[in-house]
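Each chain, letter by letter, is given below.
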Amino acid sequence: MIIRRKFRYLLVEASRDLEINDKKAQASLADGLAGVMGYLEYSEASPRVMAQVSRKAFIIRCARGQESRLLLALAFVKELDGRGTGLCTIRTSGSIRRLVDSARLLYGIPGSRQN
Amino acid sequence: MGYFDAVRIGEGVDQELASRLGFTRIITLGSELPVLDRPSECGRKYLLKSGDTGILMKGIRDVRAAGIMLSDNEIIGKAIAAAKENGKPIVVDLFPIFSKASQQRFRNIARIRGLISAVLKARADIAVISGAESPDYLMSRMQMAELSVFLGISREAAPASLGRIGEMIDH
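Cut-offs and rules
- Residues numbered from 1 in each chain as written.
- Chains lettered and ligands numbered in written order.
- Predicted model: local features only at pLDDT ≥ 70, side-chain atom pairs only at ≥ 80, totals over all residues.
- Helix = DSSP H or I, 4+ residues; strand = E, 2+ residues; numbered from the N terminus.
- Rg over C-alpha atoms; globule rule 2.2 N^0.38 Å.
- Buried ≥ 20, exposed ≤ 12 C-beta atoms within 10 Å, placed from the backbone.
- Contact = placed C-beta atoms within 7 Å.

A. Structural context of the overall build of chain B. Per the secondary structure count, chain B includes six helices and seven strands. Of the regular secondary structure in chain B, the N- to C-terminal order runs β-α-β-β-β-α-β-α-β-α-β-α-α. For 171 residues, the compact-globule estimate of 2.2 N^0.38 gives 16 Å, and chain B sits close to it at 15 Å. Here the C-alpha coordinates of chain B stretch approximately 40 × 35 × 30 Å along the principal axes. Buried residues in chain B amount to 43% of all 171 residues. Partitioning the contacts of chain B with sequence separation of at least 6, the portion at a separation of at least 24 is 50%.

B. Focus on unusual backbone geometry. The phi torsion at serine 46 of chain A lies on the positive side, around 35°, for a residue other than glycine. On the secondary structure map, serine 46 of chain A appears in the loop between α2 (39–45) and β2 (48–52). Not every positive phi belongs to a glycine, and arginine 123 of chain B is a case in point at roughly 60°. We classify arginine 123 of chain B as exposed; it has 9 C-beta atoms within 10 Å.

C. Region of the structure containing the environment of arginine 104 of chain A. Residues and elements named next belong to chain A. The topology assignment puts arginine 104 in helix α4 (residues 96–107). Taking the number of C-beta atoms within 10 Å as the measure of exposure, arginine 104 has 18 and is therefore partly exposed. Separated by 50 residues in the primary sequence, arginine 104 and serine 54 have C-alpha atoms spaced 8.6 Å apart.

None of this, on its own, says anything about what the molecule does.
If you want it as structure tokens, here you go:
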């Protein structure tokens, strides 16, 4: 039997502009989160950066049921790539498409399906 | 019900960001809501922050004192009981739990947990604020509610603790 993993998606806004698609930034985020959550909880949540939606905002995915732990851990990450950075969780959703749409509305990016 | 936060960022927080973070308004401590170490005759509402029982007892009876902050999150049972009697909330500042040194952070988490537990036992009101000193320390409403639950406030009571600082100023 194939068990399909279900995910939740979090829209995260950083306190400064960042290039989250950069491997170094992603590794730094993973280290920060693992440091706060511990490796066991981190593996269970298995967070993964999905998309950058604006200069400051990006979408991160995690296993369903772990989103509250992840958003708490994100609050404790105060440094990325050696620079002071705060991470705020703006929205959570079960669908990445819905989250991209609300990000477009929030940050005034053209192309929203609701526009 | 509105949701509010209070921060120490000098230039304040733009209200567009506040609304993205899920707050009705983010109040600037100092300019919008002074934090004083003794009861004052100034005609504005203020937060009283002290570790001295005498000063706290005096301030709790002052109508302009909107809330009470306990220095170093020290548990002062007499002040907590008096705050409950006078309907003054105990303001819990979350900023110390983000201190850089991990030992200090563990200590601060334990102290805030102890304070919250004592306030809940006394059935006094709690107002939770981020007390952010820079934009890096801002949190969204979701994160603050989750952090409040982590520190011992029930999931049902957490939203109310995020609305109280605004109610205090408006009344």
